[in-house]
Amino acid sequence: MINWFNIGKIVNTHGIKGEIRVLSTTDFPDQRFVKGNKIFAFAENSDQPLEFVIRSVRKHKNFYLLMLSDHDDINLVEKYKGMVLKVPKEQLLELPSDEFYYHEIIGCLVVTDTGEEIGTITDIYSPGANDIWAIKQASGKEILIPYIADVVIDVQIAAKKVTIHPMEGLLDA
């Protein structure tokens, strides 16, 4: 079974020569949307991808305009509107040691530096300067912690464990 990761969505066509308008959902659009790269499109509620090779790319406003190999007419790409673009896990890029993919963090057990078990990371929010990790406690209560060096002191992806140093009041509610 292949694990797939979203990189964008085909939101419309552009012009009559077969360009598709893509809204990027990846942190690495300049590495993903490159001439010659393979991308995979999934229709809603389908697990069967359509494989494409990018023939050309250009940026237009907040979108990427892609031409796909063997698709040089609007009538050939019209049916792809609404499809989600994905790449397989093997195509994920190597991250620096202090950065993580969301799927690596979600599901990790969170403990304090004194060994107290806090709960499991269920979601990640990116409101601005730093990410916020949502932790669900055994009681069902949710705690939000900032992903900053003063709080998150160790992340062990292989062990699915995160150690934090809770600042005063962080775990109070």
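This text goes with the structure placed above it.
None of these values were measured; they are calculated from a predicted model.

Definitions and cut-offs
Residues numbered from 1 in each chain as written. Predicted model: local features only at pLDDT ≥ 70, side-chain atom pairs only at ≥ 80, totals over all residues. Heavy atoms only, no water. Core = buried A, V, L, I, M, F, W, Y, C linked by side-chain atoms within 4.5 Å. Buried < 20%, exposed > 50% of the residue type's maximum accessible area, 1.4 Å probe, protein only. Helix = DSSP H or I, 4+ residues; strand = E, 2+ residues; numbered from the N terminus. Contact = heavy atoms within 4.5 Å. Phe/Tyr/Trp six-rings, centres within 6.5 Å; stacked < 30°, edge-to-face > 60°. Lys NZ or Arg CZ within 6 Å of the ring centre and 35° of its normal. Polar contact = N/O pair within 3.5 Å; in protein donor to acceptor, adjacent residues only side chain to side chain. Pairing = 2+ DSSP bridges. Axes fitted to C-alpha atoms, helices over the stretch in contact; angles between N-to-C directions.

Q: Just to check I follow, could you spell out the nonpolar core for this structure?
A: The biggest cluster of nonpolar side chains holds 17 residues, and the ones touching the most others in it are Ile10, Ile20, Val22, Phe33, Ile39, Leu66 and Leu85. Of all elements in the fold, only β1 (4-14), β2 (19-24), β3 (38-42), β4 (50-60), β5 (63-68) and β6 (84-88) reach the threshold of two or more residues within this core. The element best represented in this core is β5, accounting for 3 residues. For Ile20, the residues in contact, after removing those within four places along its chain, are Ile10, Asn12, Thr13, Tyr64, Leu65, Leu66, Leu68 and Val77. Counting residues in each nonpolar core, the second largest holds 16 residues, with Ile124, Ile135, Val151 and Leu170 among its members.

Q: Just checking my understanding: could you explain the packing of aromatic side chains for this structure?
A: Aromatic ring pairs: the centre-centre distance and the angle between the two ring planes describe each pair. The final tally for this structure, using the stated rule, is 6 aromatic pairs. Geometrically, the ring pair formed by Phe33 and Tyr64 is tilted, given 5.2 Å between the ring centres and 35° between the ring planes. Separated by 31 residues along the polypeptide, Phe33 in the loop between α1 (29-32) and β3 and Tyr64 in strand β5 bring together distant segments of the chain. When the ring of Trp133 is compared with that of Tyr147, the centres are 4.7 Å apart and the planes differ by 10°; the resulting orientation is stacked. Separated by 14 residues along the polypeptide, Trp133 in strand β9 (residues 132-136) and Tyr147 in the loop between β10 (142-146) and β11 (152-156) bring together distant segments of the chain. Note on Trp133: relative accessible area 2%, which makes it buried. Taken together, Trp4, Phe40 and Phe42 form an aromatic cluster joined through their ring pairs. For the cation-ring pair, Arg21 lies above Phe63, with the distance from its terminal atom to the ring centre recorded as 5.3 Å.

Q: Looking at this model, I keep getting lost on the environment of Thr114. Mind explaining?
A: Take Thr114: it is sitting in the loop between β7 (109-112) and β8 (117-125). The class for Thr114 is exposed, based on a relative accessible area of 69%. At 2.8 Å, the side chain of Thr114 and the side chain of Thr112 are in polar contact.

Q: For this particular structure, what's the right way to read the sheet that holds β11?
A: Across a sheet, strands are paired by hydrogen bonds formed along the backbone, either parallel or antiparallel in direction. Pairing is mixed across the open sheet formed by 6 strands, whose spatial order is β10-β9-β8-β7-β12-β11. The open sheet terminates on both sides in strands that have one partner only, identified here as β10 and β11. Strand-to-strand, the axes of this sheet are offset by a mean angle of 35°, without reference to chain direction. Bridging between β9 and β10 involves 5 bridges; their strand directions are antiparallel. Pairing of Ile132 across the sheet is with Pro146, part of β10.

Q: Can you walk me through the pairing of strand β12 (residues 161-164) in this structure?
A: If a strand is regular, its side chains alternate between the two faces of the sheet. With 4 bridges joining them, β7 and β12 adopt parallel strand pairing. Looking at the pairing, Thr112 lines up with Ile164 of β12. Sheet topology places β11 next to β12; 4 bridges connect them, and they run antiparallel. Looking at the pairing, Gln156 lines up with Lys161 of β12. Hairpin connection between β11 and β12: a loop of 4 residues separates the two successive antiparallel strands, and Lys160 in this loop has a positive phi of roughly 55°.

Q: When you look at the environment of Lys86 in this model, what are you seeing that I'm missing?
A: Tracing the backbone shows Lys86 in strand β6. Sequence-wise, Lys86 and Phe33 are 53 residues apart; in three dimensions their C-alpha atoms are separated by 11 Å. When neighbours within four sequence positions are excluded, Lys86 is seen to be in contact with Trp4, Phe5, Asn6, Ile7, Ile39, Phe40 and Phe42.

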